[in-house]
Amino acid sequence: MTAIGWTSEVPDTAGMAEAVRCTHCGRVYDLDTVTKEPAMVDRHRSGATKWWAAPCCGEHVDNRGDGPRAWRLVGDYVRLDRS
Ligand SMILES: [Zn+2]
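Residues numbered from 1 in each chain as written. Predicted model: local features only at pLDDT ≥ 70, side-chain atom pairs only at ≥ 80, totals over all residues.

Further remarks concern the overall build of the chain. In terms of helices and strands, the chain carries 0 helices and 6 strands. Here the chain holds 83 residues, and 13% of them are scored as buried. Of the contacts made within the chain by residues no fewer than 6 positions apart, 35% connect residues no fewer than 24 positions apart. (Helix = DSSP H or I, 4+ residues; strand = E, 2+ residues; numbered from the N terminus. Buried ≥ 20, exposed ≤ 12 C-beta atoms within 10 Å, placed from the backbone. Contact = placed C-beta atoms within 7 Å.)

Here we come to the sheet that holds strand 1 (residues 19-22). Reading across from one edge, 2-1-6 is the order of the 3 strands in this open sheet, with antiparallel pairing throughout. Both outer strands of the open sheet, strand 2 (28-30) and strand 6 (77-79), are each paired with one neighbouring strand and no more. Sheet twist, expressed as the mean angle between neighbouring strand axes with direction ignored, is 35°. As defined by bridge partners, strand 1 adjoins strand 2 across 3 bridges and the pair is classed as antiparallel. Bridge pairing links A19 to D30 in strand 2. (Pairing = 2+ DSSP bridges. Axes fitted to C-alpha atoms, helices over the stretch in contact; angles between N-to-C directions.)

Here you go:
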């Protein structure tokens, strides 16, 4: 019915550049607004790995479960902008 649903099942990602759902607490935030730091533990991968504190729950998360270079089975978040 509605073009943009706002329910618990369909998160409101309007205005978010990189909407993701946190797998720690289930809330949604915009990956584009967090400050990412290079993860020193992953230097051999040319600094592709970044970590940050999730704005929703403060968990320290990283992007190792994301993208074509993902090597974690379960990431710290799930992208909502490309299902
Ligand atoms: Zn969270």
